[in-house]
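The chain contents come next:
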Amino acid sequence: MRPHRNGTLSAEPLQGFVLVGFQGGPETQALLFATFLALYVVTVLGNLTMIVVITLDAHLHSPMYLFLRSLSFLDLCYSSVIAPNALANFFSSSKAISFAGCATQFFFFSLLVTTEGFLLAVMAYDRFMAICSPLRYPVTMSPSACARLVLGTYCGGCLNSLVQTSFTFTLPFCASHRIDHFFCDVPPLLQLACANTALNQLVMFGICGLIIVGTTLVVLVSYGYITVTILRMPSTSGRHKVFSTCGSHMTAVSLFYGTVFVMYAQPGAVESMEQGKIISVFYTLVIPMLNPLIYSLRNKDVKAALRRLGQRHTAR
């Protein structure tokens, strides 16, 4: 429904929204455009490089690196759901997005981000099995088991996305059509609804909180056992190598879960949209850009694979 000028509601369906984005004049918009573009280009190049290297180098065809390739794919996809449209809107006079386009953007963003949360927990479980049960590891983390785990993360992400999208986009948006954000997300959309959104907020906080708490517990328990196992290792070099590998994953987990928790899983998140925009930039562009750097710069196997790929290209 849409409001008449006298304040009453009409039955005319909402045709679309306007993504307000960031405040500021042309200079500010140009600076933000350059920043977003730089972050997105580095994100695309970094994650594509990880996908290509892991695919082409046989030394990296292990569960750990296959999960890492899936992580790079997710980072590449969900940043691409947001960044191109945000970049176009910096110099757009209308900044319009259709109702269907907004719902589609939110569906895929929610699906991919939730899937990444589950995948980070799966990666922690993989490290737990590799370090704490090395004899059972080849059987437990067989190719078919890894495929099922990855498929399960997408199923979980799809289920959450279907629930969040259906709950959000069945609301009547009659207060305004201007979304105070640079992409379609739940908190700013709830502010536009002219119905009671208490149930929607409860669903958002409940599901997101459950996902974050559940996956965080998997990570913490896994790394608790990993830490005990590492401390029992007689070899100092062995401890250092394992800590280095696990440290990369813990860094990625802390960055991702921390920002998502602040945005979606604590009351009051929908109240401060300006703070929400900054947090959103962090987990939609900065974290996908940092993940390939975190895993490549601190991983000798990936650096060796990059050298081999470079030598193979030079030899041609």
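All values derive from a computational prediction rather than experimental measurement. (Residues numbered from 1 in each chain as written. Predicted model: local features only at pLDDT ≥ 70, side-chain atom pairs only at ≥ 80, totals over all residues. Heavy atoms only, no water.)

Peer 1: I keep staring at the state of the cysteines and nothing clicks. Help me out?
Peer 2: Working definition: the covalent bond between the sulfur atoms of two cysteines is a disulfide. Inspection of every chain in the model, using the stated rule, returns one disulfide. Put simply, Cys102 and Cys184 are joined by a disulfide, and their sulfur atoms are 2.0 Å apart. Measuring handedness by torsion sign, the sulfur bridge of Cys102 and Cys184 sits at about -125 degrees and is left-handed. Residue Cys102 is found in helix α3 (residues 99-132), and its partner Cys184 is found in the loop between β5 (178-179) and α6 (186-192); the two are separated by 82 residues along the sequence. (Disulfide = S-S within 2.5 Å. Helix = DSSP H or I, 4+ residues; strand = E, 2+ residues; numbered from the N terminus.)

Peer 1: Which parts of the structure should I look at to understand helix α1 (residues 26-56)?
Peer 2: An α-helix turns once per 3.6 residues; consequently, residues spaced three or four apart project the same way. Under the 1.5 Å per step criterion, the end-to-end length of α1 is 44 Å for 31 residues, consistent within 8% with the ideal 45 Å. Every buried residue belonging to α1 is among Gln29, Phe36, Leu39, Tyr40, Thr43, Val44, Asn47, Met50, Ile51, Val53 and Ile54, and all of these are buried. (Expected span 1.5 Å × (residues − 1). Buried < 20%, exposed > 50% of the residue type's maximum accessible area, 1.4 Å probe, protein only.)

Peer 1: Hey, could you run me through the sheet that holds β5 in this one?
Peer 2: Adjacent strands of a sheet pair through backbone hydrogen bonds, lying either parallel or antiparallel. With respect to topology, three strands assemble into an open sheet ordered β4-β3-β5, the strand pairing being mixed. Lying at the two open borders of the sheet, with one neighbouring strand each, are β4 (96-98) and β5. Judged from the two bridges that link them, strand β3 (residues 16-19) and β5 form a sheet pairing that is parallel. Residue pairing in the sheet places Val18 in a bridge with Arg178 of β5. (Pairing = 2+ DSSP bridges.)

Peer 1: How should a nonpolar patch on the surface be read in this particular structure?
Peer 2: There is a patch of nonpolar side chains on the surface, built from Leu37, Val41 and Leu45 and spanning about 250 Å² of accessible area. Along the chain, Leu45 turns up in helix α1. By relative accessible area, Leu45 is classed as exposed at 54%. (Patch = residues over 30% accessible without salt bridge, like charges linked within 9 Å, V, L, I, M, F, W, Y side chains within 5 Å. Areas by Shrake-Rupley, 256 points an atom, 1.4 Å probe, with all protein chains shown as cover. Salt bridge = Lys/Arg side-chain N within 4 Å of Asp/Glu carboxyl O.)

Peer 1: Sorry, what's going on with the side chain of Ser161 here?
Peer 2: Mapped onto the elements, Ser161 comes out in helix α5 (residues 143-169). Other than its neighbours up to four places away in sequence, Ser161 contacts Phe106, Phe107, Ser110 and Leu111. (Contact = heavy atoms within 4.5 Å.)

Peer 1: Whenever I open this one, the pattern of salt bridges confuses me. Can you help?
Peer 2: Tallied over the entire structure, the rule returns three salt bridges. The salt bridge partner of Arg308 is Asp57, with a shortest N-O separation of 3.0 Å. With Arg308 in helix α10 (residues 300-315) and Asp57 in the loop between α1 and α2 (63-89), this residue pair connects regions lying 251 residues apart in the sequence. Note on Arg308: relative accessible area 28%, which makes it partly exposed.

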